[in-house]
Each structure stands twice: as C-alpha cells, then as structure tokens.
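Read off the chains here:
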Amino acid sequence: MAPLLEVKDLRVTFDTMNGLVKAVDGVSFTIDKGEIVGLVGESGCGKSVSQMAITQLVATPPGKIVSGEVIFEGRDLLKYHPESNMMRDVRGGQIGMIFQEPMTSFNPVFTIGEQIMESLRLHLKLSRSAARKRAIEVLEEVGIPDASVRINNYPHQFSGGMRQRAMIAMALSCSPKLVIADEPTTALDVTTQAQVLDIMMKMVEHYHNALIIVTHNLGIIARHAQRINVMYAGRIVESGPSEEVFLNPGHPYTIALMKSVPRLDEKRGRQLIPISGIPPNLINMPPICSFKPRCPMVDACQSLSDPELRPVGKNHSVRCHLNISGQNSGTIFE
Ligand SMILES: Nc1ncnc2c1ncn2[C@@H]1O[C@H](COP(=O)(O)OP(=O)(O)OP(=O)(O)O)[C@@H](O)[C@H]1O
Ligand SMILES: [Mg+2]
C-alpha cells in the first residue's frame, strides 16, 4: 500500500545576508495512514522548516523550496501554487496543523468559535448551524468546559492551555488525514504540557489521524510513536521504529540526544549530559559528515566522506560510517 505522505529529497534554502542557509538538505521520509511519527533534533536543525514546506508555508523570499517531492495521496503538492485552491483545501482540510504558539495562530479579532466554524464551512461546506454544533463538539472533546458559551470568547479570553486545546480542536475538526504538530506544547507550563499532549494523542488515536509530532519529549515518542526520525543539520540522520531506535540507536548523535534530554519513562537520578560543541551553521557546510566535529566516536571513524543514509535493520536506517546499532547501544541510557 502506498504511504499517505512521501517526502522525497526535499531541499529548502534561505537567502540571508551571510549567505545561503541550507535549512533542509535532502530530507526523505514517509508516513502511513494512521501512523504516528516523532521528529526530534536540536534547535535550528530544520524540523519546522521541513514541516512547513509540506504545505508550502515557507516564507518566500527569503525561503525557497529548491527541489523535492511531497506526494500526498498520490499528488505532488509542490507542483501546485502555494495560493492555489488545491493548497488552501489541503491546508487545514486534509492536513491539520498545530503550531507552538496559538496566540499567533488564532486571529485576535475573531472569536474562537468563528475561527473553528470558518474552517469547517470552508473545508467541509457545513451550514452555519452544523458548523457551530461541530465546533462545540470538538471543543468539548478537548476538554473546554462550557464549550457552548466559551465558543463566543476571543483568543485572549482563553488561558494558554485552553488556547492550545482549542488549536488542537480546530486542527482536528475537519478530520484531516494527516496532522502536523510542531512542538505543540512548548509555550505551556510542564503540568499543562502533559495534559494537552495527552489530549492530543488520545484524539489522534481515536480519529486514526496520521501524526507527525515535533517534540523534545522522548517519553511521548516512546509511548505513542511507531517511528522516530532524528534530524541533524538539515538532514535525517536516523530513522526507524521507535522501540528499535530507543533500544539500538545507530547514530552517535541519537545517543547524545537521548542522553541530553529527560525521559518520562526512565529511572530517577540519571545524569543528563549536554551535547558538547555547537550545532553547525548551515551556510557553506563542508562535504564531510556534518556531525564529525562533535562526534564522541570520531576516533573510531576512518572515513573522510559524507555518509549516506543506509539500512542497518528492518525499516531502520542511519547516516553514519560506524556500525554501532545492534551492539546494545541503548544500554548507555541506563
Ligand atoms: N526566515 C528565515 N530566514 C533565515 N533563516 C531561517 C528562516 N527560518 C528558518 N531559518 C533557518 O533555517 C534553519 C532551520 O530552522 P527551523 O526553524 O526549521 O529549526 P528547528 O529545528 O525547527 O528549531 P527549533 O527547535 O528551535 O524550533 C535554521 O538555521 C534557521 O536559522
Ligand atoms: Mg521549530
């Protein structure tokens, strides 16, 4: 069966005063119907830009989708103009998007209800009364109390956690086949983060939406995602079934990343180890392994070339010359 979405060799650049930033440098991945995929990587590695490019939301200029294919349900979305009816229909209709800061995603001059209803009327062609009914229903589903009253509130009358839940309600209201959630809870306090993530994961699982979730919360990925993609310097450096990647990571960067962030499912007292060195600047990258300058295993690596993404197990690939996966590499987290 063909995947729901297939991204092939996607490249996105930004033309800046300092030079051409290769923000996304040949990213390929797939997601199946109903599948949950986690996307992780340090700040600036291209997670958001790669996801925005799927629905052509990259600001042009300075950004430019240089090449690649984004095949969604058999059509290459990059062949359509960003403002075409097709892309407007895909955005919010077939692909729901949840961003980090809902204050910028909701328009402050319209009520929450008006905005959810507009999306329902546009994409599902619902009547005003049917759209209102459905809007109240989804707000109730994400746990907004008195939804039939709160629907008349403006975004600033909602707390941060409520706005984010309303954003999830809006993204899921049209039953999109794919949801892209980019660090959906980062702006919230830790307790609210856990609640909102939990609601989102339950909704996605309930509606069988496919989900790409960008998050630093590896516990969420371990618990809910079937697959994890690890990005470094504009590329995917490891991709595999999440259980397999947690047990047998094959890239030194994945190991470093997992040591550097807390996990919800871990034993207490583990020391967090920051990744040494700084992320590379994505201008004029030399044609060597981009992680080489920071790689703790550099002494074991003889090769000078830039490694290709290569299979190391079933559906598991790694962009590294070394063979560390399968050597119980996951035990280093204990
Ligand atoms: N409008 C822009 N102009 C210039 N460079 C940009 C622009 N937007 C993004 N970039 C660059 O593209 C690269 C990727 O950015 P992106 O926002 O995708 O990172 P990210 O992985 O989502 O990081 P974070 O975890 O901080 O959200 C970065 O180097 C960033 O500086
Ligand atoms: Mg981002």
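Structure: see above.
Since this is a predicted model, take the numbers as computed values, not measurements.

A. The sheet that holds strand 11 (residues 310–313), seen in detail. One open sheet accounts for eight strands, arranged 6-7-8-3-9-10-12-11; its pairing is mixed. Because the sheet does not close on itself, it has two edges, and the strands there are strand 6 (95–98) and strand 11. Strand-to-strand twist across the sheet, computed as the mean angle between neighbouring axes with direction ignored, equals 20 degrees. In the packing of helix 2 (residues 85–94) onto the sheet, the strands contacted are strand 6 and strand 7 (178–182), and the crossing angle to strand 6 comes to about 65 degrees.

B. A look at helix 11 (residues 252–260). The element helix 11 is largely enclosed, with a buried count of seven among its nine residues. Here the buried face of helix 11 lies against strand 3 (36–40), helix 9 (218–224), strand 9 (227–232), strand 10 (235–241) and helix 10 (242–247).

C. Spatial organisation of the environment of I236. Mapped onto the secondary structure, I236 falls in strand 10. By relative accessible area, I236 is classed as buried at 3%. Once the C-alpha coordinates of I236 and F29 are considered, the two residues, 207 residues apart in sequence, prove to be 8.5 Å apart. Discounting chain neighbours no more than four positions away, the residues touching I236 are V27, S28, F29, N229, V230, M231, L309 and R319.

Procedures and definitions
Residues numbered from 1 in each chain as written. Chains lettered and ligands numbered in written order. Predicted model: local features only at pLDDT ≥ 70, side-chain atom pairs only at ≥ 80, totals over all residues. Heavy atoms only, no water. Pairing = 2+ DSSP bridges. Helix = DSSP H or I, 4+ residues; strand = E, 2+ residues; numbered from the N terminus. Axes fitted to C-alpha atoms, helices over the stretch in contact; angles between N-to-C directions. Contact = heavy atoms within 4.5 Å. Buried < 20%, exposed > 50% of the residue type's maximum accessible area, 1.4 Å probe, protein only.

Without other data, these values stay purely geometric and don't point to any function.
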